[in-house]
Amino acid sequence: MSKITFLIFEKSYLIRKGIVTLIEEFENCEIIFEYNDIENIHSLIKQHKPNAVIINLALFNFIPINLITRIRNELHCAIMAIGPDFESLKSEFIDEYLYYFDDKSELLKRLKHFVDNLKRTESLGKNPGIKKTDHELSEREKGVVILVAKGLTNKEIADTLFISIHTAMTHRKNIARKLGIKTASGITVYAILNKLIDMKDLK
Amino acid sequence: MKSTSLIKANHALANVIHTDFTLLSVIKRFDIKLGISDSTIREICENYNISLAFFLEILNAYHDKNYFATKKLQSFSIQLIVNFLKSSHHYYNNEKILSIERQIQKLEWDSPDHERNLTILKKFFNEYKNEVKAHTGHEEETVYPYAIFIEESCSKNENIEECISKMQNYSITNYAKEHDNIEEKLKDLKNIIIKYLPPPSNQNILYEILSELFLLEKDLSDHARIEEKILVPKILEMEEKLKQKI
Ligand SMILES: [Fe+2]
Ligand SMILES: [Fe+2]
């Protein structure tokens, strides 16, 4: 079964870590990234394709409505909000809430409800015979792996592939996440073992 | 004893070991011999002439990663911390890493890829070995001597001028900022072994290597925490005191 993935948008470090701890209690759930502001929220969701975002109400209120509808309808991303318990703050675009002063069992109950729903939609939307291989590298990423193994820096990779340094770094991040390998030396070992590059090509 | 509760002077060391066996490598660094019956930590420290406050601080820091040094006046010296950190460096460089390296050399594959697999692993691990050596070497040559000099000057109230000029060049804040994480490559190696390395014919050795890597990683991150959460704040406090003296 594929994982349910989350992006978290929350200013407060303490609250963010609290959410992470709660999510860790659930099987098959993964937090892809945590952010402390909502800059680029749309492109981040587009890029990481999470099943849901968990976002502080105060941040949520800054997102224009047309963006919210795009996030929900085009990117099929569910929204869970964190905030104080005020009826008046409820929004039709939010699927579930976590309140600051809920006790742990209440928080878990709400999260479980949310996660169960996500799992249901996830399994409905997918052909059950095909496993989602989120960890497989794209062709572009394989290309980047080869260049890293050859000893190129991010800047050199960007120049070689005619991409921005920012994009090159995003590739590196995604490669690290997919492979569980961060360092250039580690990526080199991976490239050799998978015959993406030959020993004699090493510098 | 709850799994992350505080370790105290009146606890039997034997029970502490049962609760968290990863402390064994630390206890060993204090040269404590086993066969300790039900002796408490306090008794053992008296026997071995070890600073009780310091031993407890180290045990707790290794046992609970959320443990922070107590704010109460710590009765042990920088020299003690530095000696412990150095003996840990020795343990990594001259025991752990060498033994993992020897294990790696024993790996065998029944395939034409044997040579390739072995060479690339050895190369990677050798790079790691050098990285750890450079990191610990820098600390022993630059950081620790500086820390000891600051402590001595602070306690004897001398060399104030020299301290201040040293601080302007390199203070403990620089160290705290630059202190990098030497576990990154180790994490990569774990994943390479778990996920990508073709299985060798002597699997058992690979399992042993993997367990060793997990233990080493924990030890290194606890070690770094002692540097950052115990050594740095103490020196920082002394630097402040020295600054007020001029
Ligand atoms: Fe160190
Ligand atoms: Fe260090």
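Scroll up a little and you will see the structure.
Residues numbered from 1 in each chain as written. Chains lettered and ligands numbered in written order. Predicted model: local features only at pLDDT ≥ 70, side-chain atom pairs only at ≥ 80, totals over all residues. Heavy atoms only, no water.

A. Up close: the coordination of the iron ion (ligand 1). Residue and element names in this part refer to chain B. Taken together, the protein ligands of the iron ion (ligand 1) are H89 (NE2), E139 (OE), H223 (NE2) and E227 (OE), with distances of 2.0 to 2.2 Å. For the iron ion (ligand 1), the four donor atoms in the first shell make angles of 88 to 176° at the metal, a pattern classed as irregular. Between the donor residues of the iron ion (ligand 1), the gaps in sequence give the motif H-x49-E-x83-H-x3-E. Between the iron ion (ligand 1) and the iron ion (ligand 2) the interatomic distance comes to 3.2 Å, and E139 is a ligand of both metals. Residue H89 is located in helix 5 (residues 78–106), and its partner E227 is located in helix 10 (residues 203–245); the two are separated by 138 residues in the primary sequence. (Donors = N, O, S within 2.8 Å, 3.2 Å for Na, K, Ca; no water. Tetrahedral: all angles 85-135°; square planar, octahedral: opposite > 155°, others 65-115°. Helix = DSSP H or I, 4+ residues; strand = E, 2+ residues; numbered from the N terminus.)

B. Local environment of the coordination of the iron ion (ligand 2). All names here are of chain B. Those donors, H135 (NE2), E139 (OE), H179 (NE2) and E227 (OE), are the protein atoms that reach the iron ion (ligand 2), and they lie 2.0 to 2.3 Å from it. Here the iron ion (ligand 2) is ringed by four donor atoms whose angles at the metal span 84 to 176°, and the overall shape comes out irregular. Counting the intervening residues between successive donors of the iron ion (ligand 2) yields the motif H-x3-E-x39-H-x47-E.

C. Summary view of the sheet that holds strand 4 (residues 78–83) of chain A. All names here are of chain A. Across the sheet, five strands lie side by side as 2-1-3-4-5; this open sheet has parallel pairing. Since the sheet does not close on itself, it has two edges, and those belong to strand 2 (29–35) and strand 5 (96–99), each with one partner. Adjacent strand axes in the sheet meet at a mean angle of 20° when their direction is disregarded. Relative to strand 3 (residues 52–56), strand 1 (residues 4–9) runs parallel, the two being bridged by four bridges. Of the residues in strand 3, the one forming a bridge with I8 is I54. (Pairing = 2+ DSSP bridges. Axes fitted to C-alpha atoms, helices over the stretch in contact; angles between N-to-C directions.)

D. Representation of the packing of helix 9 (residues 184–193) of chain A against helix 6 (residues 114–156) of chain B in the model. Remark: helix 9 of chain A packs on helix 6 of chain B, axes separated minimally by 10 Å, with the N-to-C direction vectors making an angle of 180°. Put simply, helix 9 of chain A runs roughly antiparallel to helix 6 of chain B. Between helix 9 of chain A and helix 6 of chain B, the residues in contact are S185(A), G186(A), V189(A), I192(A) and L193(A) and R116(B), N117(B), I120(B), F124(B) and E127(B), respectively. For the contact of helix 9 of chain A with helix 6 of chain B, the class distribution of residues is five nonpolar, three polar and two charged. (Parallel < 35°, antiparallel > 145°, perpendicular 65-115°, else oblique. Contact = heavy atoms within 4.5 Å. Nonpolar A, V, L, I, M, F, W, Y, C, P; charged D, E, K, R; others polar.)

E. Representation of the interface of chain B and chain A. On the side of chain A, 15 residues touch chain B, which itself brings 17 residues to the contact. Approximately 1500 Å² of surface area, both sides summed, lies buried where chain B meets chain A, with 66% of it carried by carbon and sulfur atoms. Broken down residue by residue, the surface that chain B buries against chain A is led by R116(B), I120(B) and Y196(B), which jointly contribute 42%. Between the two partners, chain B and chain A, sit two salt bridges. Between K195(A) and D113(B) there is a salt bridge, with its nearest N and O atoms 3.5 Å apart. On inspection of chain B and its partner chain A, the count reaches six residue pairs in polar contact (both at pLDDT 80 or more). Counting residues per element, the ones that place at least two in the side of chain B that touches chain A are helix 6 and helix 9 (184–196) of chain B. Per-class residue counts for the side of chain B that touches chain A are six nonpolar, three polar and eight charged. (Buried area = accessible area lost by both parts, 1.4 Å probe. Salt bridge = Lys/Arg side-chain N within 4 Å of Asp/Glu carboxyl O. Polar contact = N/O pair within 3.5 Å; in protein donor to acceptor, adjacent residues only side chain to side chain.)

F. Just the packing of aromatic side chains, in detail. Scanning the model with the defined rule gives 13 aromatic pairs over all chains in all. Here Y100(A) and F101(A) contribute two aromatic rings whose centre-to-centre distance is 6.4 Å and whose plane-to-plane angle is 90°, an arrangement assigned as edge-to-face. A relative accessible area of 37% places Y100(A) in the partly exposed class. You can call F101(A) exposed: its relative accessible area is 79%. Centre to centre, the rings of F125(B) and Y128(B) are 6.1 Å apart; their planes meet at 45°, and the pair counts as tilted. Linking F125(B) with Y128(B), this pair stays in helix 6, spanning three residues, or about one helical turn. Cluster of aromatic residues (ring-pair linked, three or more members): F30(B), F54(B), F55(B), Y62(B) and F84(B). For the cation-ring pair, K166(B) lies above F149(B), with the distance from its terminal atom to the ring centre recorded as 4.0 Å. (Phe/Tyr/Trp six-rings, centres within 6.5 Å; stacked < 30°, edge-to-face > 60°. Buried < 20%, exposed > 50% of the residue type's maximum accessible area, 1.4 Å probe, protein only. Lys NZ or Arg CZ within 6 Å of the ring centre and 35° of its normal.)

G. Quick peek at the pairing of strand 2 of chain A. Residue and element names in this part refer to chain A. Pairing geometry for strand 1 and strand 2, over six bridges, is parallel. For F9, the partnering residue across the bridge sits in strand 2 and is Y35. Crossover strand 1 to strand 2 through helix 1 (residues 13–23) is right-handed. (Right-handed = clockwise from strand over helix to strand, strands pointing away.)

H. Region of interest: the side chain of E96(A). Residues and elements named next belong to chain A. Here E96 is to be found in strand 5. Here the side chain of E96 touches H113 through a polar contact of 3.1 Å, side chain to side chain. Contacts of E96, omitting those with residues within four sequence positions, involve I79, M80, A81, R110, H113 and F114.

Function cannot be inferred from these measures alone, as they are strictly geometric.
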